[in-house]
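Chain and residue survey
Here is how the chains run, residue by residue.
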Amino acid sequence: MQNFINLLSTLDASKVIEPNIGYNDYVALDLSISNNDLSNHKLESASDYEVFIENYLSLNNAKIAFGGYLETRNLYKRSSVFNNNNSEERNIHIGLDLWINKQASIHAVLDGTIHSFQNNTGLGDYGPAIILEHEIGQFKFYTLYGHLSENSLVDKKVGEQIKKGTQIATLGLPPINGDYAPHLHFQIIIDMEGKTGDYPGVCSKNNLNFYQKNCPNPNTLLKFK
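Keep in mind that what you see is a predicted model, and the values were worked out from it rather than measured.

With that out of the way, let us pick up the side chain of His185. Here His185 is to be found in strand 11 (residues 183-189). Among the residues examined, His185 registers a relative accessible area of 2% and is labelled buried. Of the polar contacts made by the side chain of His185, one reaches the side chain of Gln187; its length is 2.6 Å. Residue contacts for His185: discarding those within four places in its chain leaves His93, Gly95, Leu96, Asp97, Tyr126, Leu144, Tyr145, Gly146, His147 and Gly201.

So this is what it looks like as structure tokens:
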């Protein structure tokens, strides 16, 4: 595991969203339950979050807000995908979110091939998502791009080779994107566990140890400042 983390830290990754926007125009965003400031905002619907994100970006003179890895959030309580009577609540985010209130371009972080893609249509789910497979040295791993537009899945082919930095999608808008304010969910996955077009992006406390190992911090690769 540590060897893989070391590899990620040495790779020259492409920006995964709107490459013309420099990291100096990014700002960290905390959506965890420990952020008491969130209680001062009405955050119930996608439109509520869009207003919140727009104001947050403006206040910080930024263009993209990022964060969320291992955050425990209340964001998912409205969705039976994460919160139902048949399973433990899943509310710990195991990817990285990049928030921007427009249909931004989405790009491959590294050379790879299309592993799978799918429109995950449940409320609060990914909506359209694309998963790329990467093989570097002895390591095979995957990157997931969630909350895309429907057009992003048109003419895609499993096994298609993708070059680093190539635009592979555009960001989706609500309700197509799972009914969220526009943002990219980016996640690194070591073992897909046989899944295609989808992989958990949120886990429960009891499963955190496994998912933290199987889905390492994307910022190790992206290297935000």
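Within the structure shown, the criterion is met by 11 aromatic pairs. Each residue in the set Tyr23, Tyr26, Phe66 and Phe224 is aromatic and connected to the rest through ring pairs, giving one cluster.

In this section: the environment of Asn3. The topology assignment puts Asn3 in helix 1 (residues 2-10). The spacing of Asn3 and Phe139 is 136 residues in sequence and 9.5 Å in space, taken between C-alpha atoms.

Moving on: the side chain of His115. Looking at the element boundaries, His115 is found in strand 6 (residues 112-120). Residue His115 is classed as buried on the basis of its relative accessible area of 17%. A distance of 2.7 Å separates a polar atom in the side chain of His115 from a polar atom in the side chain of Ser116. Discounting chain neighbours no more than four positions away, the residues touching His115 are Ile131, Leu132, Glu133, Tyr142, Val158, Met192, Lys195 and Thr196.

To continue, consider the sheet that holds strand 2 (residues 64-67). Strand order in the open sheet made by the 8 strands is 1-2-4-11-8-7-6-9, with mixed pairing throughout. Edge positions in the open sheet fall to strand 1 (26-28) and strand 9 (161-162), since each of these has one partner strand only. Sheet analysis places strand 1 next to strand 2, joined by 3 bridges and oriented parallel. Each bridged residue has a counterpart across the sheet, and for Ala28 the counterpart in strand 2 is Phe66. Those strands touched by helix 1 are strand 7 (127-136), strand 8 (139-146) and strand 11, and its axis lies near 60 degrees from that of strand 8.

Cut-offs used in this document
- Residues numbered from 1 in each chain as written.
- Predicted model: local features only at pLDDT ≥ 70, side-chain atom pairs only at ≥ 80, totals over all residues.
- Heavy atoms only, no water.
- Helix = DSSP H or I, 4+ residues; strand = E, 2+ residues; numbered from the N terminus.
- Buried < 20%, exposed > 50% of the residue type's maximum accessible area, 1.4 Å probe, protein only.
- Polar contact = N/O pair within 3.5 Å; in protein donor to acceptor, adjacent residues only side chain to side chain.
- Contact = heavy atoms within 4.5 Å.
- Phe/Tyr/Trp six-rings, centres within 6.5 Å; stacked < 30°, edge-to-face > 60°.
- Pairing = 2+ DSSP bridges.
- Axes fitted to C-alpha atoms, helices over the stretch in contact; angles between N-to-C directions.

Read these as geometric descriptors, not functional statements.
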